[in-house]
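So you can see what is in the structure, the chains are spelled out below.
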Amino acid sequence: MAGEAIFVGYRRDDSADVAGRIYDAMAQRFGKQRVFKDVDNIGPGVDFGDYIKTVLPRCRVALVLIGPHWLESKDETGKRRLDDDHDWVRIEIETALATPGVLVVPVLVNGARMPRGEEVPDSLKALLRRNAAIIRRDPDFHDDVERLATAIRSSVNTGIIDLSKIGGKSAGPAPAPSRERLNRAPLLIGGAIAAALALVAVGF
C-alpha cells in the first residue's frame, strides 16, 4: 500500500528550474518533510536504485516532470540517457509504475509535449497512457500548481487525481486509504530523511 508523500522526479538538464519551484510550492502546502525530490535527500554512498525502491512505496503521488529536452538528454558518450538501464530517471519511473497504489502523473512543463510510444523504451510506455497535467510558465504557474495541489488532496478520498482544470483528465483509480492509515504515525524515508507522512498532519 502506498503512503502519503509526494515524489517529484525530473531530469536536471531538462527541468531543474521548474522542478525547484514545484518542489517549493508543494512543500509550502504539504510540508517540506512530505515532499521528496529525486537525489537531493540521498546521503553519500547510498545506492540510488535501492533508495528509490524504498522511497516510492511510501509515496502517494509520483509527479514525473517532462520538459522540452526530456527525451533527447544524452550522457558523456552521446548515448541517450533514457536508453540506459541504469539511468536514474528511468529507474524512478519504472519503480513508480510498478508500485501498487502510487498515482503516477506525467507533468508537462516549459511547453513540453507528451512523448510518443516509439520514442521511449518499452518499460516506460505505460507512463504515456497516464493523463498528463500541464504546468505553464508565468503568469499561469502558480494557478496551475495550486490546482494540482488541490487535485492531490482530493485524491486521498477518491483514489483519482482530477486533472481536468490543469490540462489533463482524471488519473487513477488507486486504492483509497483506510481509516487506519489516516491515523498512522509518521514514517521514516530511508536513513537520510525523516518524513512525517500522516495525512492528518499534512492537511491532505
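As the structure is a computational prediction, the values presented were derived from the model and not from experiment.

Caption draft 1: Just the packing of aromatic side chains, in detail. As enumerated under the stated definition, the model contains two aromatic pairs in all. On the basis of an interplanar angle of 55 degrees and a centroid distance of 5.9 Å, the ring pair of Phe36 and Tyr51 is categorised as tilted. Taken together, the residues Phe36 in strand 2 (residues 35–37) and Tyr51 in helix 2 (residues 48–55) connect sequence positions 15 residues apart. Of the two residues, Phe36 and Tyr51, neither departs from the other in class, the shared state being buried. Stacked on the ring of Phe141, the Lys or Arg Arg21 has its end atom at 3.9 Å from the ring centre.

Caption draft 2: How the structure looks around the sheet that holds strand 4 (residues 103–109). The strand order across the open sheet built from five strands is 2-1-3-4-5, with neighbouring strands paired in parallel fashion. Of all the strands in the sheet, the pair left with one neighbour each is strand 2 and strand 5 (133–135). This sheet shows a mean twist of 25 degrees between the axes of neighbouring strands, independent of strand direction. This element, helix 2, spans strand 1 (5–9), strand 2 and strand 3 (59–66) of the sheet and lies at about 160 degrees to strand 2.

Caption draft 3: Main features of unusual backbone geometry. Cis rather than trans, the peptide bond between Asp138 and Pro139 has omega equal to 10 degrees. Within the secondary structure, Pro139 is located in the loop between strand 5 and helix 5 (141–158). Positive phi values are uncommon outside glycine, yet Asn110 reaches one of about 55 degrees. Take Asn110: it is sitting in the loop between strand 4 and helix 4 (125–128).

Caption draft 4: Quick look at the pairing of strand 3. Taken across its eight residues, strand 3 has eight buried, putting it largely inside the fold. Note: strand 1 against strand 3, five bridges, orientation parallel. Across the sheet, residue Phe7 finds its bridge partner in strand 3, namely Ala62. Here strand 3 pairs with strand 4 via six bridges, running parallel. Pairing of Val61 across the sheet is with Leu103, part of strand 4. Chirality of the crossover, the property in question, places the unit of strand 3, helix 3 (residues 88–98) and strand 4 among those that are right-handed.

Caption draft 5: Examining the side chain of Thr95 more closely. With respect to the element layout, Thr95 can be found in helix 3. With a relative accessible area of 12%, Thr95 lands in the buried category. At 2.7 Å, the side chain of Thr95 forms a polar contact with the backbone oxygen of Ile91. If sequence neighbours within four positions are ignored, Thr95 has contacts with Ile52, Lys53 and Leu56.

Caption draft 6: Here's a closer look at the environment of Val89. Within the secondary structure, Val89 is located in helix 3. Note on Val89: relative accessible area 2%, which makes it buried.

Caption draft 7: Region of the structure containing the confidence of the model for the chain. With 72% of its residues at a pLDDT of 70 or more, the chain has an overall mean of 78. With pLDDT under 50 throughout, residues 170–203 is counted as low confidence; its partners more than four residues away or in other chains account for 82 contacts.

Definitions and limits used
Residues numbered from 1 in each chain as written. Predicted model: local features only at pLDDT ≥ 70, side-chain atom pairs only at ≥ 80, totals over all residues. Heavy atoms only, no water. Phe/Tyr/Trp six-rings, centres within 6.5 Å; stacked < 30°, edge-to-face > 60°. Helix = DSSP H or I, 4+ residues; strand = E, 2+ residues; numbered from the N terminus. Buried < 20%, exposed > 50% of the residue type's maximum accessible area, 1.4 Å probe, protein only. Lys NZ or Arg CZ within 6 Å of the ring centre and 35° of its normal. Pairing = 2+ DSSP bridges. Axes fitted to C-alpha atoms, helices over the stretch in contact; angles between N-to-C directions. Contact = heavy atoms within 4.5 Å. Right-handed = clockwise from strand over helix to strand, strands pointing away. Polar contact = N/O pair within 3.5 Å; in protein donor to acceptor, adjacent residues only side chain to side chain. pLDDT = per-residue confidence, 0-100.

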